[in-house]
Amino acid sequence: MNLRETILKEHTKKNCKDIVTWVGKDKKKFNQLFNLFLNDEYRVTQRAAWPLSCCAILQPSLLTGNFDKLMNNLRKPGLHNSIKRNTVRLLQYVTIPKKQEGAVMEICFGYLESQVEAVAVKAFSLTVLGRLAKKHPDIIPEIKLIIEQQIYHQTVAFKSSAKKFLKEYN
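Criteria and cut-off values
Think of each chain on its own: its residues are numbered from 1, step by step along the sequence as written. Only residues with pLDDT of at least 70 are given local features in this predicted model, and only at 80 or more are side-chain atom pairs given and counted; all residues enter the totals for whole chains, interfaces and linings. For side-chain calculations, the full set of non-hydrogen atoms in the structure is used, while hydrogens and water are omitted. What pLDDT reports is the predictor's confidence in each residue, on a scale of 0 through 100. Secondary structure counts use DSSP, requiring at least four H or I residues in a row for a helix and at least two E residues in a row for a strand, with both numbered from the N terminus. Helix axes use the C-alpha atoms of the stretch in contact, all axes being lines fitted to C-alpha atoms, and the angles between their N-to-C directions lie in the range 0 to 180 degrees. The handedness criterion is simple: a crossing whose near helix is rotated anticlockwise from the far helix by less than a right angle is left-handed, and one whose near helix is rotated clockwise is right-handed. It only takes one pair of heavy atoms within 4.5 Å for two residues to be counted as in contact. Residues are grouped as follows: Ala, Val, Leu, Ile, Met, Phe, Trp, Tyr, Cys and Pro are nonpolar; Asp, Glu, Lys and Arg are charged; all remaining types, including Gly, are polar. Whenever Lys or Arg places a side-chain nitrogen within 4 Å of a carboxyl oxygen from Asp or Glu, that contact is recorded as a salt bridge. Exposure categories follow from relative accessible area, calculated using a 1.4 Å probe and restricted to protein chains: below 20% of the type maximum is buried, above 50% is exposed, and the middle band is partly exposed. Oblique is the label for any angle not covered by the other classes, which are roughly parallel (under 35 degrees), roughly antiparallel (over 145) and roughly perpendicular (65 to 115). Working definition: rings of Phe, Tyr and Trp (its six-membered ring) pair if their centres are within 6.5 Å, and the pair is stacked with planes under 30 degrees apart, edge-to-face with planes over 60 apart, and tilted otherwise. For a helix, the expected span equals 1.5 Å multiplied by the residue count minus one. Bend is computed residue by residue as the angle between axes fitted to the seven residues ending at the residue and the seven residues starting at it.

### Regarding the confidence of the model for the chain
At step 1: Counting all residues, the mean pLDDT for the chain is 95, and 100% of those residues have values of 70 or more.
At step 2: Per-element averaging of pLDDT across the chain places helix α10 (residues 156-169) at the bottom with 92 and helix α2 (residues 13-23) at the top with 98.

Written as structure tokens, this is what we have:
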């Protein structure tokens, strides 16, 4: 498979599934996808984000050795929404290395507090922070405050994530 060509061919659920199936548990293939996700032109990086997140969710061990790069990528200014959305989505399902917990919290709090961030990114960030709050309960009051400030102006998806968080931590 020419992965780059396949990514550019179409942006469909079937194509995403084909790429995920092709990668499977193969670390070399995953790294090929990860490299395109990090280093190619914007259209390729956008389209690589979806299958990359699916691969990482199905096989979290594929991220081993790549987590620092993943977080550094998330810090880049002007990232396309699909890259942020799919990266934070996968963070809901993988074990976050202890040394990266602070960075993940900082990024997710930034997304959660943002007035312009896409709702899916905010909702996924809230879920990630909820998982981290189990290990770091000192962040719970800050999360609650942000929820209180935003819940009445947000979409159903955000409200759903917020209610789950509040139910667990009240």
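### A closer look at the packing of helix α9 (residues 140-150) against α10
At step 1: The N-to-C vectors of α9 and α10 enclose an angle of 140°; their axes lie 11 Å apart at closest approach. At the point where α9 passes α10, the crossing takes the left-handed sense. In this structure, α9 contributes Ile140, Ile143, Lys144, Ile147 and Gln150 to the contact, and α10 contributes Phe158, Ala162, Phe165, Leu166 and Tyr169.
At step 2: Per-class residue counts for the contact of α9 with α10 are eight nonpolar, one polar and one charged.

### Examining the pattern of salt bridges
At step 1: The tally for this structure, following the rule as stated, stands at seven salt bridges.
At step 2: A salt bridge links aspartate 18 to lysine 14; the shortest N-O distance between them is 2.8 Å. You can see aspartate 18 and its partner lysine 14 sitting in helix α2, four residues apart, about one turn around the helix.
At step 3: Since its relative accessible area comes to 56%, lysine 14 is described here as exposed.
At step 4: A salt bridge links lysine 99 to aspartate 68, with the nearest nitrogen and oxygen atoms 3.1 Å apart. With a gap of 31 residues between them, lysine 99 in the loop between α6 (81-91) and α7 (101-113) and aspartate 68 in helix α5 (residues 67-74) connect regions that are remote in the sequence.

### As for the packing of α6 against helix α8 (residues 119-133)
At step 1: For the pair α6 and α8, interaxial distance at closest approach is 9 Å and the crossing angle is 25°. The angle between α6 and α8 places the two elements in the roughly parallel class. Relative to α8, α6 is oriented so that their crossing is left-handed. Between α6 and α8, the residues in contact are Asn81, Lys84, Arg85, Val88, Arg89 and Leu91 and Ala120, Val121, Phe124, Ser125, Val128 and Arg131, respectively.

### Let's talk about the packing of aromatic side chains
At step 1: For the structure on display, the rule yields three aromatic pairs.
At step 2: Between the aromatic rings of phenylalanine 30 and phenylalanine 34, the centroid separation amounts to 6.0 Å while the plane-to-plane angle is 25°, which identifies the pairing as stacked. Of the two residues, phenylalanine 30 and phenylalanine 34 both sit in helix α3 (residues 27-39), four residues apart, roughly one turn of that helix. Both residues of the pair, phenylalanine 30 and phenylalanine 34, count as buried.
At step 3: Of the aromatic side chains, those joined through ring pairs into one cluster are Phe30, Phe34 and Phe37.

### Observations concerning helix α4 (residues 42-58)
At step 1: When the terminal C-alpha atoms of α4 are compared, their 25 Å separation across 17 residues agrees well with the 24 Å that a helix rising 1.5 Å per residue should span.
At step 2: At alanine 49, α4 is deflected by roughly 30°, the largest bend along its length, and proline proline 51 occurs up to four residues later in sequence.
At step 3: In terms of burial, α4 is largely enclosed, as twelve of its 17 residues are buried.
At step 4: Buried within α4 are the following residues: Val44, Thr45, Gln46, Arg47, Ala48, Ala49, Pro51, Leu52, Ser53, Cys54, Cys55 and Ala56.
At step 5: Where α4 is buried, its residues contact α1 (3-9), α2, α3, α5 and α6.

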